[in-house]
Each structure stands twice: as structure tokens, then as C-alpha cells.
Amino acid sequence: MSKLQLIIGNKNYSSWSLRPWFALTMTGIPFRETVIPLDTPETAALIAQHSGAGRLPVLHHGRQTVWESLAIMEYLAELFPEKHLWPRAGSARAVARSIAHEMHAGFSSLRNACPMNLRRARKPVPLTESATRDVARLENIWRNCREKYGKGGRFLFGRFSIADAMFAPVVTRFETYAIPVTAETRAYMDNILSTPAFMAWKHAALQETWIVPSDEVD
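Note that the structure is a prediction, hence the values are computed from the model and not measured.

A.B. asks: Would you explain the pattern of salt bridges in this entry?
C.D. replies: Any two side chains of opposite charge can pair, on the condition that their charged atoms come close. By the definition in use, this model includes seven salt bridges. Arg 186 serves as the salt-bridge partner of Glu 175, at 2.8 Å between the closest nitrogen and oxygen. One end of the pair, Glu 175, is in helix α7 (residues 162-176); the other, Arg 186, is in helix α8 (residues 183-193), and 11 residues separate them in sequence. Residue Arg 186 is classed as partly exposed on the basis of its relative accessible area of 25%. Each of Arg 122, Glu 175, Arg 186 and Asp 190 takes part in a single network of salt bridges with overlapping partners.

A.B. asks: Help me understand α7, please; the structure alone is not making it clear to me.
C.D. replies: Residues separated by three or four positions in an α-helix point in the same direction, a consequence of the helix having 3.6 residues per turn. The end-to-end C-alpha distance of α7, which contains 15 residues, comes to 22 Å, matching closely the 21 Å that a straight helix rising 1.5 Å per residue would cover. Along α7, the helix axis deviates most sharply at Ala 168, where the bend reaches about 40°; the proline Pro 169 sits within four residues downstream. Here α7 lies mainly inside the structure; 14 of its 15 residues are buried. Of the residues flanking the end of α7, it is Ala 178, one or two places downstream, whose phi is positive at about 50°.

A.B. asks: I keep staring at the sheet that holds strand β1 (residues 4-8) and nothing clicks. Help me out?
C.D. replies: Sheet strands pair by backbone hydrogen bonding; their relative direction is either parallel or antiparallel. With respect to topology, four strands assemble into an open sheet ordered β2-β1-β3-β4, the strand pairing being mixed. At either margin of the open sheet sits one strand with a lone partner, and together these are β2 (32-35) and β4 (64-67). Mean inter-strand twist for the sheet, computed between neighbouring axes without regard to direction, equals 20°. Bridging between β1 and β2 involves four bridges; their strand directions are parallel. Residue pairing for β2: Gln 5 is matched across the bridge by Arg 32. Contacts from helix α1 (residues 15-27) reach β1 and β2, with the element oriented near 150° to β1.

A.B. asks: What is the right way to read the pairing of strand β3 (residues 58-61) from this model?
C.D. replies: Moving residue by residue along a regular strand, the side chains alternate between the two faces of the sheet. Side chains Val 58 and His 60 of β3 all project onto a buried face; the interleaved residues Leu 59 and His 61 project onto the opposite face, where all are buried too. Of the strand pairs in this sheet, β1 and β3 are connected by four bridges, and their pairing is antiparallel. For Gln 5, the partnering residue across the bridge sits in β3 and is His 60. In this structure, β3 lies alongside β4, joined through four bridges in antiparallel fashion. In the sheet register, Leu 59 faces β4, and the bridge partner there is Val 66. Following β3, the chain reverses through two residues before pairing antiparallel with β4; Gly 62 in that reversal takes a positive phi of roughly 60°.

A.B. asks: Looking at this structure, how should I read the packing of helix α3 (residues 69-79) against α7?
C.D. replies: α7 packs onto α3 with a crossing angle of 155° between their chain directions and a minimal axis gap of 11 Å. Considered as vectors, α3 and α7 are oriented roughly antiparallel to each other. α7 is crossed by α3, and the crossing has right-handed handedness. Here Leu 70, Met 73, Glu 74 and Ala 77 of α3 lie close against α7, whose contacting residues are Ile 162, Ala 165 and Met 166.

A.B. asks: How should I be thinking about the packing of aromatic side chains in this particular structure?
C.D. replies: Summed over all chains, the structure comprises eight aromatic pairs. Between Trp 142 and Phe 167, the ring centres sit 5.9 Å apart and the planes meet at 80°, which makes this aromatic pair edge-to-face. Remark: Phe 167 occurs in helix α7 and Trp 142 occurs in helix α6 (residues 129-149); sequence separation between them is 25 residues. Taking the relative accessible area as the measure of exposure, Trp 142 reaches 1% and is therefore buried.

Conventions and cut-offs
- The residue numbers shown here count from 1 along each chain, following its written sequence.
- The predicted origin of the model limits local features to residues at a pLDDT of at least 70 and limits the giving and counting of side-chain atom pairs to 80 or more, whereas totals for whole chains, interfaces and linings rest on all residues.
- Here the side-chain values reflect all heavy atoms present in the structure, with hydrogen atoms and water set aside.
- Just to be clear on terms, a salt bridge is a Lys or Arg side-chain nitrogen sitting within 4 Å of an Asp or Glu carboxyl oxygen.
- Comment: elements are numbered from the N terminus, with helices defined as DSSP H or I runs of at least four residues and strands as E runs of at least two.
- Under the scheme applied here, a residue whose accessible area is under 20% of the maximum for its type counts as buried, over 50% as exposed, and between as partly exposed, the area being computed with a 1.4 Å probe on protein chains only.
- Residue count minus one, scaled by 1.5 Å, sets the expected span of a helix.
- Fitting axes to the seven residues that end at a residue and to the seven that start at it, the angle between those axes gives the bend at that residue.
- Pairing between two strands requires that DSSP report at least two bridges joining them.
- Fitting a line to C-alpha atoms yields each axis, with helices limited to the stretch in contact; the angle taken between N-to-C directions then spans 0 to 180 degrees.
- In what follows, residue pairs with any heavy atoms lying within 4.5 Å of each other are defined as contacts.
- What sets the label is the angle itself: under 35 degrees gives roughly parallel, over 145 gives roughly antiparallel, 65 to 115 gives roughly perpendicular, and the rest give oblique.
- Crossing handedness is read from the near helix: turned anticlockwise from the far helix by less than a right angle, it gives a left-handed crossing, and turned clockwise, a right-handed one.
- Working definition: a ring pair exists when centres of Phe, Tyr or Trp rings (six-membered ring for Trp) sit within 6.5 Å. Plane angles under 30 degrees give stacked, over 60 give edge-to-face, the rest tilted.

Nothing here speaks to function; it is all geometry.
Below is the structure:
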């Protein structure tokens with residue numbers, strides 16, 4: 001099988017890059033990573049070498065190129081069915097896909113108010129009504145999934161899945177911006193943040209020196 005190469009942005013800021021990287025690392029799928037610094041004069045030209053979409057992440061697999069985080073993880077689920085990147089049960093799988101797509105398309109108020117920034121000192125920021133609704137919806141999703149499907153393990157559907165990878169950047173936002181959460185949410189956050197995969201990503205992020213001014217929220 002051809003080797004996988006994942007093209008990602010800065011680990012400190014790139015929430016979309018974290019998602020497929022986390023899925024690959026959590027499931028032990030071997031890959032090579034290439035980091036392209038964001039918000040530099042060379043960024044657009046460097047990304048254009050890998051994808052016409054002009055965005056990261058991008059996955060190369062032989063002659064095949066896949067872009068967009070969720071599409072990359074869907075591709076990986078097909079390529080490595082033994083890794084069970086989606087839940088095995090049909091009903092759980094349907095819910096996992098639904099919430100993964102909801103995350104992909106939604107929660108813009110929270111994302112805009114609290115951009116991912118792993119180096120940021122932990123402190124709150126004022127949230128708009130719509131951002132507060134985003135938080136409530138996220139907590140509701142996580143609680144319902146854990147209660148209905150997650151009893152057999154630490155993650156939303158028991159064992160790790162694409163759904164957890166999709167929500168991992170939100171977990172970092174809740175942590176970084178000291179957003180008040182329930183005990184159930186805190187437990188799920190700790191399960192994500194304590195994984196060796198996430199700790200490796202964060203360790204690398206903290207070594208970076210690149211700055212993206214638009215993501216530096218006071």
C-alpha cells in the first residue's frame with residue numbers, strides 16, 4: 001500500500017488539521033506529516049502545490065489526493081475498515097455521522113469567538129448569545145452520545161471514532177477559554193486531552209514560533 005502523507009497547518013492554530021492527524025495517530029495508521037506555516041507570504045503558494053482548494057489539511061495517498069478534514073477521515077475509514085473509525089452498530093454510526101457533519105458545518109459563533117490557540121493562557125472571554133447556544137448544544141450532543149452509546153469506553157461511542165476527532169478542537173477551546181461546563185463534559189474533555197496522541201500534538205504546538213495575529217484573542 002502506498003504511504004500516506006498528511007499536509008497540515010500550524011499545530012497551535014489549525015483545528016482542521018488536528019482532526020485527521022488525531023484520527024490517524026489514535027488508530028496507529030502510519031503516515032508522514034508536512035507542516036505548512038499559516039499566514040505567511042509563502043503560505044498560499046505552498047498549499048497550492050498540494051491542492052487547488054487552497055486549504056489545509058490535504059492527504060496524499062499515491063496518486064490520490066483528498067482534502068477537507070471529514071472527507072480525509074471518510075477516506076481513511078474506507079481504506080482501513082479494520083480500524084473501525086465509525087461505530088460498528090448502524091444506529092450509532094448514523095448518529096456519529098450526523099454529529100460529525102453538524103460540527104463540520106456549524107458552531108461558527110463559538111469558533112469565531114474562541115479560535116484554537118493552544119499556547120494561549122487559560123482565561124475566559126465574553127461569549128455572545130449565539131456562542132453560548134453553541135456551547136449548550138455541544139454539551140447536549142456529548143452527553144446524549146455518552147449516555148446512549150459510550151458506556152463501553154472513554155469516548156462518545158465507547159471506542160474512539162471520527163466523531164471524537166471532529167470535536168477534539170472544540171475540547172481545546174473549552175479548555176483554553178475556561179468555558180464553564182458540566183462534570184460530564186469535563187470528564188469527556190479530560191479523556192481527549194489526556195490521550196498520548198493529543199499530548200504529542202500539543203507538545204509540538206508549544207514548540208512552534210509562528211504567530212497568526214487573527215487567532216491571538218486576548
